[in-house]
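Reading the structure
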Amino acid sequence: MKYVNAAEVLPERLLRELQAYIDGEMLYIPKASSKKEWGTVSGSRIFYRERNREIRRLYQEGYSMEALAEQYGLAQSTIRKIIYG
């Protein structure tokens, strides 16, 4: 994050208004663009949703939690959370 002197980039009227609230302190101004949700860019969200759906389906078909944990390389507690979550 780069430091920018507000006096160099803001109109004088806006600068005075900000000084009324936070005179001489540092202020973080977040980007205006909205942040994308986790996994939407890489496709991870879809991958895990489909994987979890498949785990639930297999469990309903009679696979044990132990077998699913071994098949997917997950802890049984994780399989339990997926199934009952």
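Up top you'll find the structure we're talking about.
Just so it is clear, the model here is predicted, and its values are computed rather than measured. (Residues numbered from 1 in each chain as written. Predicted model: local features only at pLDDT ≥ 70, side-chain atom pairs only at ≥ 80, totals over all residues. Heavy atoms only, no water.)

1. Concerning the nonpolar core
Quick reminder of the rule: By nonpolar core is meant a set of buried Ala, Val, Leu, Ile, Met, Phe, Trp, Tyr and Cys residues that side-chain atoms within 4.5 Å join together. The classification of residues rests on relative accessible area computed with a 1.4 Å probe and restricted to protein chains. Under 20% of the type maximum is buried, over 50% is exposed, and intermediate values are partly exposed. Strands here are runs of E lasting at least two residues and helices are runs of H or I lasting at least four, both read from the DSSP assignment and numbered beginning at the N terminus. The contact criterion used throughout is that any non-hydrogen atoms of two residues lie within 4.5 Å.
Counting eight residues, the largest nonpolar core is built from Ile 55, Leu 58, Met 65, Leu 68, Ala 69, Ile 79, Ile 82 and Ile 83. Of all the elements in the fold, those that place two or more residues in this core are α3 (44–60), α4 (65–72) and α5 (76–84). Setting aside its immediate chain neighbours within four residues, Ala 69 contacts Leu 74, Ala 75, Gln 76 and Ile 79.

2. Re the packing of aromatic side chains
Our working rule: Ring geometry is summarised as follows: Phe, Tyr and Trp rings, the Trp one being its six-membered ring, pair when their centres sit within 6.5 Å, and such pairs are stacked at plane angles under 30 degrees, edge-to-face over 60 and tilted between the two.
Scanning all chains against the criterion turns up three aromatic pairs. Arranged with centres 6.2 Å apart and planes meeting at 25 degrees, the rings of Trp 38 and Tyr 48 form a pair that is stacked. With Trp 38 in the loop between α2 (12–21) and α3 and Tyr 48 in helix α3, this pair connects stretches of sequence that are 10 residues apart. Assessed through its relative accessible area of 58%, Trp 38 is described here as exposed. Judged by its relative accessible area of 34%, Tyr 48 falls in the partly exposed class. Judged by centre distance (6.5 Å) and plane angle (75 degrees), the rings of Tyr 59 and Tyr 84 are edge-to-face. Of this pair, Tyr 59 sits in helix α3 while Tyr 84 sits in helix α5, and the two are 25 residues apart along the sequence. When its relative accessible area of 57% is taken as the criterion, Tyr 84 is described as exposed.

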